[in-house]
Amino acid sequence: MIFSKLLPVISIALATTVTPVSAGIHDFNPANAVPTPTRTKAAVGQGECITTRDQSKICYVKTSSRDFSIAINDVDYPNATEVAHIDCSTGRWRAFGDLPKETLELYLKNFCPTFG
């Protein structure tokens, strides 16, 4: 599976320690990632990494027509990289890592409308 080969690279890229600042997940604005003439929604096997205004990072790869694997490194939790899977046909997700559920929900509630 492509994601299993990319996970170590994504994890290392996201594990960079960033000095926490007062801004946080609330700076994640899905409108900044809406497809434009030069950006289209991902096809299966494609993905990208995005840095938010507060320097948090989210990387994803589309694993099927409705599923995504996602890696999140929130600047407010610099030593906690989260890996998540979301099914955009249902909105259900599962995650592994140390981010609080409330923080994950802020990232994932708008993920499918934005990227799916």
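Residues numbered from 1 in each chain as written. Predicted model: local features only at pLDDT ≥ 70, side-chain atom pairs only at ≥ 80, totals over all residues. Heavy atoms only, no water.

Colleague: Tell me about the overall build of the chain, residues and numbers included.
Modeller: A count of helical and extended segments in the chain gives 3 helices and 5 strands. For the chain, the sequential pattern of α-helices and β-strands runs α-β-β-β-β-β-α-α. The buried share of the chain, reckoned over its 116 residues, is 36%. Within the chain, counting contacts between residues at least 6 apart in sequence, those at least 24 apart form 45% of the total. Here the chain displays about 6600 Å² of accessible surface, and carbon together with sulfur accounts for 56% of that area. (Helix = DSSP H or I, 4+ residues; strand = E, 2+ residues; numbered from the N terminus. Buried < 20%, exposed > 50% of the residue type's maximum accessible area, 1.4 Å probe, protein only. Contact = heavy atoms within 4.5 Å. Areas by Shrake-Rupley, 256 points an atom, 1.4 Å probe, with all protein chains shown as cover.)

Colleague: Any chance you could break down the environment of cysteine 88 for me, citing the residues and the numbers?
Modeller: Residue position: cysteine 88 is located in the loop between β4 (81-87) and β5 (92-96). For cysteine 88, the contacting residues outside a window of four places in its chain are Arg66, Phe68, Cys112 and Gly116.

Colleague: Tell me about the side chain of aspartate 67, and name the residues and values.
Modeller: Within the secondary structure, aspartate 67 sits in strand β3 (residues 67-73). With no salt bridge to any partner, buried aspartate 67 finds its closest opposite charge in arginine 66, at an N-O distance of 4.0 Å. Within polar-contact distance, the side chain of aspartate 67 engages the side chain of serine 64 at 2.9 Å. Leaving out residues up to four positions away in the same chain, aspartate 67 has contacts with Val61, Lys62, His85, Ile86 and Asp87. (Lys, Arg positive; Asp, Glu negative; His and termini not counted. Salt bridge = Lys/Arg side-chain N within 4 Å of Asp/Glu carboxyl O. Polar contact = N/O pair within 3.5 Å; in protein donor to acceptor, adjacent residues only side chain to side chain.)

Colleague: Residues and numbers for the pairing of strand β2 (residues 57-62), please.
Modeller: Counting buried residues along β2, 5 of its 6 residues qualify, which places the element largely inside the surrounding structure. Strand direction decides the pairing type here: strand β1 (residues 47-51) and β2, joined by 5 bridges, are antiparallel. Residue pairing for β2: glycine 47 is matched across the bridge by valine 61. Taking the residues between adjacent antiparallel strands as the criterion, β1 and β2 are bridged by 5 residues, where glutamine 55 takes a positive phi near 75°. Where β2 meets β3, 6 bridges bridge the pair, whose relative direction is antiparallel. (Pairing = 2+ DSSP bridges.)

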